[in-house]
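A structural walkthrough
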Amino acid sequence: MYDIAAALVVQQLAEFLGALSAVSDVPNSYRIATMRAARALDAEMVAVLRGGAIAAAVGFPAGQAPVRDLLAVVSGEQATVDVPGCGPCRAIVAPSTDEPAEYLVVARSAPDGFTVEEVSLVRGMARVLELHVHMVQSLAAERRQAARNSELVESLSERQRLLEHLSGIQRAIARRAPLARVLDMIAVGAHEMLGEDGVALWLLDDDEPDMLVMASEIGLPKQIARRRPAILDDGLPTGADPGVVSLAVPVHQSGTVVGALEVTAYGSGREYGKRDEDILHAFAEHASLAITDAKTFHALNKASHDQVTGLVSRSPFMEQLQRGLSIAGRAGDRLGLLFVDLDGFKLVNDSLGHAAGDAVLAEVAARLRACVRSIDTVARLGGDEFAILLAGFETEDEVIAVADRVLDQIGRPFDLTGQDIFIGASVGVTFSTPASPDADALVRDADLAMYHAKRTGKGRYEVFRSEMQEAFEKTVNLATDLRLALERDEFVVYYQPICALADGELTGLEALVRWRHPTRGLVAPMDFIPAAEETGLIIPIGHRVLYEACRSTSAWNQRRALAGMPELTIHVNVSTRQLRDDTAGLVAEVLRETGLAASRLVLEITESHPALDLAKVREQLLRFKDLGVGLAIDDFGTGYSSLLALRQFPVDTIKVDKSFVDDVDGYDSDLTRAIVGLGLTVRRGVIAEGVESESQRAALLDYGCLLGQGYLFAPPLDHAATTALVSEEPAARGPEPI
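In this text, all values refer to a predicted model and were calculated from it rather than measured experimentally.

**Topic: helix H9 (residues 345–352)**
- Residues Phe-345, Val-348 and Asn-349 constitute the buried set of H9. The buried residues of H9 occupy one face: seen down the axis, they fall within an arc of 95 degrees.
- Among the structural elements, strand E13 (336–343), helix H10 (354–370) and strand E17 (419–421) are those in contact with the buried residues of H9.
- Of the residues one or two after H9, Gly-353 is the one with positive phi, at around 100 degrees.

This is the structure we're talking about:
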């Protein structure tokens, strides 16, 4: 795994070098160095001591830096420095090799002190500062000498030109100019400084490491080959042609020889000396820095950015968020965080393939970037989850406006090879406070807000409120209780009769799960089924209900057969979560174990989930039909695609939702009549749910509906009461025949 922390050191050193390269005097060099070091290390104090005096410092009022305390830190007598407004801050020191002695001192209030990589960064900055100051001082000395000795003017001019070339290269590296452009600048600079001789920069081929390729050149004959075998002698190409004079110095990447910078004269009697070698070395060292920085930055970018979307990935985003919280807390500012979760993406991924899914994710990333400013950060946290970090806003409404733009952008169609794909997003919004503890807590709050938005309709945003955390904790506790309930066998099956509307004759039962809680009593499904769905516990709960319902119904039917009564059909609900598993295999096993005839089992499905993969559901339902099991659509008319489900699913029965049965006594009875008529038109059985009055029973019979269930006939009954009911003669129960 690539070391991101080490890569950051290289990146920050390159930026530090680039900042210094624009400075041509010593006092400003010290001033810029302290400012850049403080920014890179998020430090409260940085100082440069030279010869026992303070050359520059940040973190103290002008002229009030505590020289004695800083010298005590340098000597090792104390480990902290008192910084105004921050108190004691832990300090580290990086010495130079120059005389008089020069020290870079950095202090920070972070309780964990400095990492190994940060110590390395401070030492590297001290070394870069030392070399830069030495170069500036040498140039200044030569200028003074040149003022007294005209013979040094030419040398000074050459040194000035070299400095200008190297400074330009340093700035290009710091600006992250393309590597090819930086290498061209190096070749041109060496060409101009070495009397217009041909210059080539050779690098090992990434694909063929035994070959050198010409990465940049100037002044070479056109017939010169751009590739040659990598025969290196301490990094230098060997075997120059007779009559050709060459000088080459090695180019490194992270200390390893990866090529050479070569200058060549053709048939001119040219001789290269120490001065030429020094110049070539200077350019080669910058080539080494450029290559190391570019490769490191590429690896850092690859390690810290998601490869599908190009966005920052989770780990570096969390580090950035933590730093942002620290800075915002000290400044009294706030951060805004958006947690974005895609709605319906799994269906795209599962139905169209991962390549299509990746294309959608890449487009989502582009749209999210378009919703924010250049100073904001967009990250992919994983899967179909994204985060947006916002700073520098005046009001919360500005952050809410971003959430609105995100919903609008993600809600627009995605064009995949001419096919429009629609997904959505749910967004959680939260704001930091000066007391915000850490990045994980802030992301958790945004995640909870997103979860609330998803549970209350999707395609919307929610701003975090403390009661969301309380609700989440209740859900977690409920999930724990559900697991314990499974272990303690606290789930029981109740049965509601399904009867003929005309005379009340019992034709079947619907199995309904109840939770007999040791302290709360009998818990209704609406209070625990959603949590069971989310946690996946609906799978073992559903298995238990199916087995118990089939076992009991098999026993009741055997008893009814002996009494000459018709057998009953048992209806069992199957959740959308169960439809994703091999439920057909489980049903076949339960039927074998309980002895219930497949024709006496009806599985009820709910088509109210907008992200159901209809093709996969149909495949699963066809497997049920192969077993001989009946199928019904529960709560018909309340879903997102009732007619589509009726057309595509191989169902035998539709169950009219109670809300439509209630309408029979109101002004919307025509809709209920239409739903019943639709079922009869497509030759499906129709069962009315929630029948509670004689007027409803009469109206439904008039519409052509023959079966119903509800309190008019009986409430859900426990096992003992159901056993008694199914053993009664038809005349002993139910309402009067119509």
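**Section: helix H12 (residues 439–455)**
- The terminal C-alpha atoms of H12, which comprises 17 residues, lie 24 Å apart, in line with the 24 Å expected from a rise of 1.5 Å per residue.
- Among the residues of H12, those classed as buried are Ala-439, Ala-441, Leu-442, Val-443, Asp-445, Ala-446, Leu-448, Ala-449, Met-450 and Ala-453.
- Here the buried face of H12 lies against helix H8 (314–331), E13, strand E18 (424–431), strand E19 (461–463) and helix H13 (466–488).
- Residue Asp-438 occupies the N-cap position of H12, its side-chain oxygen lying 3.2 Å from the main-chain nitrogen of Asp-440.

**Describing the confidence of the model for the protein**
- Overall, the prediction assigns the protein a mean pLDDT of 85, with 88% of residues at 70 or greater.
- When the criterion is pLDDT under 50, residues 1–5 qualifies, and its contacts beyond four places in sequence or with other chains add up to 9 contacts.
- The low-confidence segment residues 234–239, where pLDDT is below 50, has 19 contacts with residues more than four positions distant or belonging to other chains.

**Description of the packing of H8 against H12**
- Axis separation between H8 and H12 bottoms out at 9 Å; the angle between their running directions is 105 degrees. In this view, H8 runs roughly perpendicular relative to H12, as classed from their interaxial angle. Listed contacts from H12 to Arg-314, Met-318, Leu-321, Gln-322 and Leu-325 of H8 are Ala-439, Asp-440, Leu-442 and Val-443.
- Tallied by class, residues from the contact of H8 with H12 come to 6 nonpolar, 1 polar and 2 charged.

**A word on the pairing of strand E2 (residues 53–58)**
- As paired elements, strand E1 (residues 45–50) and E2 share 5 bridges and run antiparallel to each other. Looking across to E2, one finds that Arg-50 is bridged to Ala-53.
- Hairpin geometry of E1 and E2 is characterised by an intervening segment of 2 residues between the two adjacent antiparallel strands and by a positive phi of about 60 degrees at Gly-51.

**Overview of the packing of helix H21 (residues 669–681) against helix H22 (residues 694–703)**
- Where H21 meets H22, the closest approach of the two axes is 9 Å, and the angle between their N-to-C directions is 45 degrees. Relative to H22, the element H21 lies oblique. Two packed elements cross with a definite hand, and for H21 against H22 that hand is right-handed. On H22, the residues that touch Ser-669, Thr-672, Arg-673, Val-676 and Leu-680 of H21 are Leu-700, Asp-702 and Tyr-703.
- Of the residues belonging to the contact of H21 with H22, the class tally is 4 nonpolar, 2 polar and 2 charged.

**Some remarks on the sheet that holds strand E5 (residues 102–108)**
- Taken in spatial order, the 5 strands line up as E2-E1-E5-E4-E3 in an open sheet, and their pairing is antiparallel. Looking at strand neighbours, the two that pair on one side only are E2 and strand E3 (80–83), the edges of this open sheet. Shown here is a sheet whose adjacent strand axes are inclined to one another by a mean of 30 degrees, direction ignored.
- Of the pairings in the sheet, the one linking E1 to E5 comprises 6 bridges and is antiparallel in character. Considered in E5, the bridge of Val-48 is made with Leu-104.
- Of the strands in this sheet, E1, E2 and E5 are in contact with helix H2 (residues 26–41), which crosses E2 at around 45 degrees.

**Some thoughts on the packing of aromatic side chains**
- Tallying each qualifying case throughout the model produces 5 aromatic pairs.
- With 6.0 Å between their ring centres and 65 degrees between their planes, Phe-393 and Phe-431 make a pair best called edge-to-face. With Phe-393 in the loop between strand E15 (385–390) and helix H11 (396–411) and Phe-431 in strand E18, the pair connects residues that are 38 residues apart, well separated along the chain.
- Judged by its relative accessible area of 14%, Phe-393 falls in the buried class.
- Assessed through its relative accessible area of 10%, Phe-431 is described here as buried.
- Summarising the aromatic geometry, the rings of Phe-491 and Trp-515 are spaced 5.9 Å apart at their centres and angled 35 degrees between planes, so their arrangement reads as tilted. Taken together, the positions of Phe-491 in strand E20 (residues 491–500) and Trp-515 in strand E21 (residues 506–517) put the pair 24 residues apart, joining distant regions of the chain.
- Under the relative-accessibility criterion, Trp-515 is labelled buried at 0%.

**Quick word on empty space enclosed by the protein**
- On inspection of all chains with the given rule, the structure shows 2 cavities of 30 Å³ or more.
- Looking at the largest cavity, the residues that line it are Gly-542, His-543, Leu-546, Val-572, Asn-573, Val-574, Gln-578, Thr-583, Leu-586, Val-587 and Leu-603.
- Residue assignment for the lining of the largest cavity shows that the elements contributing at least two residues are helix H15 (538–562), strand E23 (569–574) and helix H17 (583–594).
- Split by residue class, the lining of the largest cavity holds 6 nonpolar, 5 polar and no charged.
- By volume, the second largest cavity amounts to about 40 Å³.

**Considerations on the sheet that holds strand E12 (residues 256–266)**
- Within the open sheet, the 5 strands sit side by side as E8-E7-E6-E12-E11. Their pairing is antiparallel. The outermost strands of the open sheet, each flanked by one partner alone, are strand E8 (227–229) and strand E11 (244–253). Adjacent strand axes in the sheet meet at a mean angle of 30 degrees when their direction is disregarded.
- Looking at chain direction, strand E6 (residues 198–204) and E12 are connected through 6 bridges and run antiparallel. Bridge pairing links Gly-198 to Thr-264 in E12.
- In the packing of helix H6 (residues 179–193) onto the sheet, the strands contacted are E6, strand E7 (211–218) and E12, and the crossing angle to E7 comes to about 65 degrees.

What counts as what
- Residues numbered from 1 in each chain as written.
- Predicted model: local features only at pLDDT ≥ 70, side-chain atom pairs only at ≥ 80, totals over all residues.
- Heavy atoms only, no water.
- Buried < 20%, exposed > 50% of the residue type's maximum accessible area, 1.4 Å probe, protein only.
- Helix = DSSP H or I, 4+ residues; strand = E, 2+ residues; numbered from the N terminus.
- Arc of directions from axis to C-beta.
- Contact = heavy atoms within 4.5 Å.
- Expected span 1.5 Å × (residues − 1).
- Polar contact = N/O pair within 3.5 Å; in protein donor to acceptor, adjacent residues only side chain to side chain.
- pLDDT = per-residue confidence, 0-100.
- Axes fitted to C-alpha atoms, helices over the stretch in contact; angles between N-to-C directions.
- Parallel < 35°, antiparallel > 145°, perpendicular 65-115°, else oblique.
- Nonpolar A, V, L, I, M, F, W, Y, C, P; charged D, E, K, R; others polar.
- Pairing = 2+ DSSP bridges.
- Left-handed = near helix turned anticlockwise from the far one by under 90°.
- Phe/Tyr/Trp six-rings, centres within 6.5 Å; stacked < 30°, edge-to-face > 60°.
- 1 Å grid on protein atoms, 1.4 Å probe; cavity = no way out; pocket = protein on both sides within 12 Å on 5 of 7 lines; lining within 4 Å.
- Points joined across faces, edges and corners; volume = space filled by probe spheres on them.

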